[in-house]
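Okay, here's what each chain looks like letter by letter:
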Amino acid sequence: MMPEPILDIQDLRTVFRIGGRDIAAVSDLELSIAPGETVALVGESGSGKSVTSLSVMGLLPKKVGRIASGTIRFRGKSGVTNDLAQMDGESLRRIRGNDIGMVFQEPMTSLNPVYTVGEQIAEPIRIHLGRSHKQAAEDAVKLLADVGIPDPARRARQYPHELSGGMRQRATIAMALACDPALLIADEPTTALDVTIQAQILELLAKVQAERGMAMLFVTHNLGVVAEIADRVAVMYAGRIVETGPVDQVFAHPRHPYTKGLLRSVPRLGEATALKRAGTPLPTIAGSVPSLANLPQGCSFAPRCPYAIDACAVAVPALVDAGEGQLSRCIRWQEL
Amino acid sequence: MTEQPFLSVTGLTKHFKPAAFSRGPVVRAIEDVSFEVPRGKVVGLVGESGSGKTTIGRSVLRLVEPTAGTVLVDGVDMTKLSARELRQQRSRMQYIFQDPFASLSPRMTIGQILMEGLEIQGVEPRETRVARAKAALAAVELPADAFDRYAHEFSGGQRQRIGIARALALEPELIVADEPVSALDVSIQAQIINLLRDLQLRLGLTMLFISHDLAVVEYICDTVIVLYLGRIMEIAPAETLYANPRHPYTRALLSAIPEPIPGRTSQRQVLVGDIPSPANPPSGCVFRTRCPLAIEACAGAVPGLETVGTEHRSACIRNAEIAAGAIS
């Protein structure tokens, strides 16, 4: 029996108002995360992975983006469940930073350049947990130590520009963890980092996640990163989840042609040499991602899909059970 | 007798001095870099931030003035040319940029973008320019009607094809491709690499391929150079580098690349610490502060590139121990 999910998204549809009409960036999205579980949302540009995480956080761009329908049920630390899709302003702010921690791609967008690192980590502790200035400052130094920043007392007194990119991302993780959130949302947290620093940050996130038993929603374009960090993965294409399941299962036996093509497109170390010798091109997915404003009829992936048949253009396929905990939005999944 | 390499870089060094009247350290972007690229071959320059890979690419075309060293392109020393001679020599070389959104003018049609360079080089008459631009579009597998359209009408992958077409229209012999696929989605990256490989072989182009990602360069490069803080750590034929990396940094870099293979994580070797600033590089071996194999002697002197195999060189004083498998 699965534990009650901490986050349960049903039928989410998020639209953007562009040129006088609503364009769906996310459609028919269903996703749940159990306590202590890490779920990765993976996809290319325009897949809707970041819009999904912004919808959960209530950070869609004002006036342009909105949740058109669906529910986002989230159970906070107090045990109370709220529908985030129905909440606004002040009530959402109480949840963000307290029950939900956030880490973004570019640490400088989350860090304020005119406050010291220590002050910024202490602020949510004072606001959400009601600690004194002195206590909060001490907690901040402890958090910096937890995220592997050497000499944390000195670093707490420094400004963001005095830290390297990797250190800054550690500081934003400390800030996200400050109130001991039940859910951490990490949106491309290692994309701006060098690969040796990315390895450090992934290791850190896995460590703090395990220590705290926190749930994590990890948004990334990098399938390799998914393999490192996540228990389950949801692969998105043109605003919809096309396949979801346990990471090992999905990567070993993809049940959607897009997942299969994407996995084949990732260069594998040492394999290209053999292809080069044989004069074989690297595997690719033909064509490019369709515009959300002008999606093809039926399955959005059909025009690029080597398995497409006439029936694919009739209707958007449903996400169906493909066994082993996998769901696939492909009418031919059994033949894959 | 071996043929003279098309590109020959010797002792290339670039120090960026702080702007006039401002205090600040000298940034040692590249230090004493030497390598050769035979005609019709592709050499990859790979490294993380601050490795100097882009500065090398720019110095080759003399888009930045090197502090020391020589750059011979087909026997001509780029560093000694006058402005006029340089313009002439540069017509044989082209640069492909990372960001296909920033490098194409939004106000010009693709045709105008492709013909601009030809006009500057005095290719006459206009019909010839049109023909060459259209041939370049065909070479990158874009439809002919792209000629009259604007950059914003194209996707990222298509724009990168336009960037490549612009370079090809000038019929260069040497191309410096600076992170040409880094801004693209993974399903498009492989399309562009296949295209570049195909064009390079068909046209016999000599190429420097700059990337932060060792996984991306394997297919297209004949030789790979691994850089760290402005210095060459290892240089080897591509097939050797991936099968038998010698330098501790190359090994760490390969191990850090996440791959979508469940269970691979366990063998991961994570380097500690940050990349030092090129304004204040460590003494001796620049990698020693993060190297799992560093010993006291590493701080003493800059290790030279030693031959460790066929066309395979590594800059590590513990090369012999690594080769013997005594340490890893």
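Residues numbered from 1 in each chain as written. Chains lettered and ligands numbered in written order. Predicted model: local features only at pLDDT ≥ 70, side-chain atom pairs only at ≥ 80, totals over all residues. Heavy atoms only, no water.

**Some remarks on the overall build of chain B**
Reasoning step 1: Across its full length, chain B carries 10 helices and 12 strands.
Reasoning step 2: The C-alpha atoms of chain B give 21 Å as radius of gyration, which agrees with the globular expectation for 328 residues (20 Å, within 12%).
Reasoning step 3: If you line up chain B on its principal axes, its C-alpha atoms span 65 × 50 × 50 Å.
Reasoning step 4: Per element, the accessible surface of chain B, about 13,900 Å² overall, is 51% carbon and sulfur.
Reasoning step 5: Here chain B contributes 34 positive and 35 negative side-chain charges, whose respective centroids are spaced 4 Å apart. (Helix = DSSP H or I, 4+ residues; strand = E, 2+ residues; numbered from the N terminus. Rg over C-alpha atoms; globule rule 2.2 N^0.38 Å. Areas by Shrake-Rupley, 256 points an atom, 1.4 Å probe, with all protein chains shown as cover. Lys, Arg positive; Asp, Glu negative; His and termini not counted. Charge placed at Lys NZ, Arg CZ, Asp CG, Glu CD.)

**Quick notes on the UniProt feature "domain: ABC transporter" (unreviewed entry) in chain A**
Reasoning step 1: Within the UniProt annotation, "domain: ABC transporter" (unreviewed entry) is assigned to residues 7-263 of chain A.
Reasoning step 2: Secondary structure content for residues 7-263 of chain A is 40% helix and 28% strand, while the C-alpha to C-alpha distance between its ends is 28 Å. (UniProt positions renumbered as here; feature names shortened; annotations may be inferred.)

**Details of the pattern of salt bridges**
Residues and elements named next belong to chain B.
Reasoning step 1: The tally for this structure, following the rule as stated, stands at 28 salt bridges over all chains.
Reasoning step 2: Where glutamate 31 meets arginine 28, a salt bridge forms, and the shortest distance between an N and an O atom there is 3.5 Å.
Reasoning step 3: Looking at glutamate 31, the relative accessible area reads 15%, which means it is buried.
Reasoning step 4: For arginine 28, a relative accessible area of 33% translates into the label partly exposed. (Salt bridge = Lys/Arg side-chain N within 4 Å of Asp/Glu carboxyl O. Buried < 20%, exposed > 50% of the residue type's maximum accessible area, 1.4 Å probe, protein only.)

**Focus: the side chain of arginine 332 of chain A**
All names here are of chain A.
Reasoning step 1: Mapped onto the secondary structure, arginine 332 falls in the segment after β12 (327-328).
Reasoning step 2: Side-chain polar atoms of arginine 332 contact the backbone oxygen of tyrosine 307, separated by 2.5 Å.
Reasoning step 3: Not counting residues within four places of it along the chain, the set of residues in contact with arginine 332 comprises Tyr307 and Ile309. (Polar contact = N/O pair within 3.5 Å; in protein donor to acceptor, adjacent residues only side chain to side chain. Contact = heavy atoms within 4.5 Å.)

**Here's the deal with the sheet that holds strand β12 (residues 312-314) of chain B**
All names here are of chain B.
Reasoning step 1: The mixed open sheet is built from 8 strands, whose spatial order is β6-β7-β8-β3-β9-β10-β12-β11. Two strands in the sheet have a free side with no partner beyond their single neighbour: β6 (93-96) and β11 (306-309). Averaged over all pairs of adjacent strands, the angle between strand axes in this sheet comes to 20 degrees, irrespective of strand direction.
Reasoning step 2: Pairing between strand β7 (residues 174-178) and strand β8 (residues 206-211): 5 bridges, direction parallel. The partner of alanine 177 across the bridge, within β8, is phenylalanine 209.
Reasoning step 3: Lying over the sheet, helix α5 (residues 156-169) contacts β6 and β7, oriented at roughly 170 degrees with respect to β6. (Pairing = 2+ DSSP bridges. Axes fitted to C-alpha atoms, helices over the stretch in contact; angles between N-to-C directions.)

**Some details on the interface of chain B and chain A**
Reasoning step 1: Contacts between the two partners involve 40 residues from chain B, matched on the other side by 44 residues from chain A.
Reasoning step 2: Carbon and sulfur atoms supply 57% of the area that chain B and chain A bury against each other, a total of about 3,700 Å² over both sides.
Reasoning step 3: Run the count over chain B and chain A and you get 1 salt bridge.
Reasoning step 4: Two residues, arginine 277 of chain A and glutamate 239 of chain B, come together in a salt bridge whose shortest N-O distance is 3.1 Å.
Reasoning step 5: Seen at the junction of chain B and chain A, the total is 22 residue pairs in polar contact (both at pLDDT 80 or more).
Reasoning step 6: Counting only elements with at least two residues in the side of chain B that touches chain A, the list comes to α6 (186-203), α7 (214-217), α8 (238-243) and α9 (248-256) of chain B. (Buried area = accessible area lost by both parts, 1.4 Å probe.)

**Description of the layout of surface pockets**
Reasoning step 1: Counted as a void, the largest pocket has a volume near 1,100 Å³.
Reasoning step 2: Lining the largest pocket are 44 residues, with Thr191, His221 and Asn222 of chain A together with Ser182 and His212 of chain B sitting closest to its centre.
Reasoning step 3: Secondary structure elements with two or more residues in the lining of the largest pocket: α8 (195-212), β8 (215-220) and α9 (223-229) of chain A together with α6 and α7 of chain B.
Reasoning step 4: For the lining of the largest pocket, the per-class residue count stands at 20 nonpolar, 15 polar and 9 charged. (1 Å grid on protein atoms, 1.4 Å probe; cavity = no way out; pocket = protein on both sides within 12 Å on 5 of 7 lines; lining within 4 Å. Points joined across faces, edges and corners; volume = space filled by probe spheres on them. Nonpolar A, V, L, I, M, F, W, Y, C, P; charged D, E, K, R; others polar.)

**Description of the UniProt feature "domain: ABC transporter" (unreviewed entry) in chain B**
Reasoning step 1: The UniProt record annotates "domain: ABC transporter" (unreviewed entry) at residues 7-254 of chain B.
Reasoning step 2: Structurally, residues 7-254 of chain B comprises 36% helix and 25% strand, and the distance from its first C-alpha atom to its last is 27 Å.

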